[in-house]
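# Inside the fold
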Amino acid sequence: MDFNLTEEHLMIQQAARDFAQNELLPGVIERDEKQIFPTEQVKKMGELGFMGMMVDPKYGGSGLDAISYVIAMEEISKVDASASVVMSVNNSLVCWGLQEYGTEEQKQKYLPGLASGQIHGAFCLSEPEAGSDATSQKTTAVDMGDHYLVNGTKNWITNGNTASVYLVIAQTHPELKHKGINALIMTKDMPGFAVGPKEQKMGIRGSDTHSLMFTDVKVPKENRIGEDGFGFKFAMKTLAGGRIGIASQALGIASGAYELALKYSKERKAFGTEICNHQAIAFKLADMAVNIEAARHLCMKAAWDKDQHKNYDVSGAMAKLFASQVAMDTSVEAVQIHGGNGYVKEYHVERLMRDAKITQIYEGTSEIQKIVISRAVIAG
């Protein structure tokens, strides 16, 4: 066992940290308040190689391991979770799914733009009546011979309006239930593809979240990923890796809140001394440090499992379950340590607290992670 980061990992960490501090931090409060998508920042993430970190260089990616991805996600999420979720979806759900299961033609057509950040993608699974129960797909993809005719609605889609490539999960054979679902590559310029209003969210307000509506959208057969009926398996496999990304985002939110709280506690004085010298505050900081370190190890273990081509369904679920709880607990305590200032936007921690909550919900709620974990431990 080796817990040291390699030279390359340390360079990636520093590059991500510098980018977060220099490019994301300025304007992050305004982007949150006005719900501004970080367009320029996302382009720069692409230029730095953060939008296609695990994509093979022959498709324009960085060719890095999953541990590098966790490291970069943590640093960027410390400052701006709205930017990091764009990065997470593009890396974990779109690029990885295409590289792992797409045809060579699909990879050549879509991956170079996605991996370079020239364009970014969206993953379209959730529906008004199919959130945690992903088998209940009401969006239909009727086989018309050389194409599919797609009708339906998708909800809460990250990058819903700004994406160029959409991986859409739809039901083709209802009688086969989840074994009749397909995954299709769609683009916004397809006739019948419509984007709904932007969602008004509690957190990650700079992120671009919309509903999508499909009315008789013709999708060529060559845009199907995998064999007929592979869609549900594709979605589950892709989400398993996506959970590592969201766990890393949660870790970053927690780390960012902790660092701000620690700094503030060394500056703010009460009762004649810096508040970090009061046991009530010192113990909060100790709990934060322990939980963040534990969450980081779970994230790294899941990433290591992925890099070693081991099954990471359970380790990814554990990382997401624990890290998202740590993000909530740490950000709430960071606000408490800041006192009245914690409730004010300029100190950043109130935004981190709002951003933390979604990590317990998207890409599989905490309850779904417990189902995954409990089934595995009971089966032995």
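The shown structure was predicted, so the numbers you read here are calculated from the model rather than taken from an experiment. (Residues numbered from 1 in each chain as written. Predicted model: local features only at pLDDT ≥ 70, side-chain atom pairs only at ≥ 80, totals over all residues. Heavy atoms only, no water.)

### As for the UniProt feature "domain: Acyl-CoA dehydrogenase/oxidase N-terminal" (unreviewed entry) in the protein
Our working rule: UniProt positions are given in the numbering used here, feature names are shortened, and annotations may be inferred rather than shown by experiment. Put simply, DSSP H or I for four residues or longer makes a helix, DSSP E for two residues or longer makes a strand, and each gets a number counted from the N terminus.
Taking the numbering used here, the UniProt-annotated feature "domain: Acyl-CoA dehydrogenase/oxidase N-terminal" (unreviewed entry) corresponds to residues 6–118. Taken end to end, residues 6–118 comprises 71% helix and 0% strand; its first and last C-alpha atoms sit 29 Å apart.

### Quick notes on the pairing of strand β7 (residues 209–220)
What counts here: The rule for pairing is simple: two strands pair if DSSP sees at least two bridges between them.
Here strand β3 (residues 147–158) pairs with β7 via nine bridges, running antiparallel. Its bridge partner being in β7, Y148 is matched across the sheet by V219. Relative to β7, strand β6 (residues 193–198) runs antiparallel, the two sharing four bridges. Within β7, the residue paired with A194 across the bridge is M213.

### Observations regarding helix α4 (residues 66–77)
We count it as follows: An expected span of 1.5 Å times one less than the residue number is assigned to each helix. The buried label goes to any residue with under 20% of its type's maximum accessible area, the exposed label to any with over 50%, and the partly exposed label to all in between, with areas taken from a 1.4 Å probe on protein chains only. Contact criterion: two residues are considered in contact whenever any of their non-hydrogen atoms come within 4.5 Å of each other.
Between its first and last C-alpha, α4 extends 16 Å over twelve residues, near the 16 Å set by a 1.5 Å rise per residue. Taken across its twelve residues, α4 has twelve buried, putting it largely inside the fold. Those residues of α4 not exposed but buried are A66, I67, S68, Y69, V70, I71, A72, M73, E74, E75, I76 and S77. Check the buried side of α4 and you find it contacts α1 (7–24), α3 (39–47), α5 (81–101), α7 (231–267), α8 (279–307) and α10 (349–358).

### So, the environment of Q41
Position of Q41 among the secondary structure elements: in helix α3. The class of Q41 is buried, set by a relative accessible area of 14%. For the pair formed by Q41 and L24, sequence separation is 17 residues and the distance between their alpha carbons is 6.8 Å.

### Considerations on the UniProt feature "domain: Acyl-CoA dehydrogenase/oxidase C-terminal" (unreviewed entry) in the protein
Following the UniProt record, one finds the feature "domain: Acyl-CoA dehydrogenase/oxidase C-terminal" (unreviewed entry) at residues 231–377. Taken end to end, residues 231–377 is 78% helix and 3% strand, and its two terminal C-alpha atoms sit 27 Å from one another.

### Let's talk about the domain arrangement of the protein
This is how the line gets drawn: Domain limits in this description derive from either an automatic procedure or a database domain assignment. The term buried area denotes the loss of accessible surface (1.4 Å probe radius) that occurs when two parts are joined, taken as the sum for both partners. Throughout this description, the term salt bridge denotes a Lys or Arg side-chain nitrogen within 4 Å of a carboxyl oxygen of Asp or Glu.
Domain parsing of the protein yields domain 1 (7–120), domain 2 (122–229) and domain 3 (232–379). The distance between the C-alpha centroids of domain 2 and domain 3 comes to 30 Å. Contact with domain 3 buries surface across domain 2, with F123, M202 and I204 losing the most and accounting together for 41% of the total. At the surface where domain 2 touches domain 3, the tally comes to zero salt bridges.

### Some remarks on α7
Going by this rule: The seven residues ending at a residue and the seven starting there each receive a fitted axis; the angle between those axes is the bend at that residue.
The first and last C-alpha atoms of α7 sit 53 Å apart over 37 residues, in line with the 54 Å expected at 1.5 Å per residue. Residue A240 marks the point of greatest curvature in α7, where the axis turns by about 25 degrees.

### Topic: the state of the cysteines
Going by this rule: When two cysteine sulfur atoms lie within 2.5 Å, the pair is treated as a disulfide.
Under the defined criterion, the tally for this structure stands at zero disulfides. The cysteine C95 is free of any disulfide, with C124 supplying the nearest cysteine sulfur at 15 Å.

### What about the packing of α8 against helix α9 (residues 313–338)?
The test is simple: Helix axes are fitted only over the stretch in contact, all axes being lines through C-alpha atoms; the angle between N-to-C directions runs from 0 to 180 degrees. Angles below 35 degrees are treated as roughly parallel, those above 145 as roughly antiparallel, those between 65 and 115 as roughly perpendicular, and all remaining angles as oblique. For any helix crossing, the convention is left-handed if the near helix is rotated counterclockwise from the far helix by under a right angle, and right-handed if that rotation is clockwise. Three classes are used: nonpolar for Ala, Val, Leu, Ile, Met, Phe, Trp, Tyr, Cys and Pro, charged for Asp, Glu, Lys and Arg, and polar for all others, with Gly counted as polar.
Put simply, α8 and α9 touch, their axes get as near as 9 Å, and they point 155 degrees apart. Between α8 and α9, the crossing angle belongs to the class labelled roughly antiparallel. For the pair α8 and α9, the sense of crossing is left-handed. On α9, the residues that touch I281, K284, L285, M288, N291, I292, A294, A295, L298, C299, A302 and D305 of α8 are S315, G316, M318, A319, F322, A323, V326, T330, E333, A334, Q336 and I337. Taken together, the residues of the contact of α8 with α9 break down into 16 nonpolar, five polar and three charged.

### Observations regarding unusual backbone geometry
In this structure, Q35 is a non-glycine residue whose phi angle is positive, near 55 degrees. For Q35, a relative accessible area of 13% corresponds to the buried category.

### A short note on the pattern of salt bridges
This structure, assessed with the given rule, holds 18 salt bridges. Linking K43 and E40 is a salt bridge whose minimum nitrogen-to-oxygen distance equals 3.8 Å. Of the two residues, K43 and E40 both sit in helix α3, three residues apart, roughly one turn of that helix. Of the residues examined, E40 reaches a relative accessible area of 46% and is grouped as partly exposed. When the shortest N-O distance is used, the salt bridge between R354 and E350 registers 2.9 Å.

### Section: the packing of aromatic side chains
Under the convention used in this document: Pairing of aromatic rings covers Phe, Tyr and Trp, the last counted by its six-membered ring, and requires centre-to-centre distances within 6.5 Å; plane angles under 30 degrees mean stacked, over 60 mean edge-to-face, and any other angle means tilted.
Considering all chains together, one arrives at nine aromatic pairs under this definition. Centre to centre, the rings of F19 and F50 are 6.4 Å apart; their planes meet at 55 degrees, and the pair counts as tilted. Taken together, the residues F19 in helix α1 and F50 in the loop between α3 and α4 connect sequence positions 31 residues apart. Using a relative accessible area of 4% as the deciding quantity, one classes F50 as buried. Relative to Y347, the ring of Y264 has its centre 6.0 Å away and its plane inclined at 90 degrees; by these criteria the two rings are edge-to-face.

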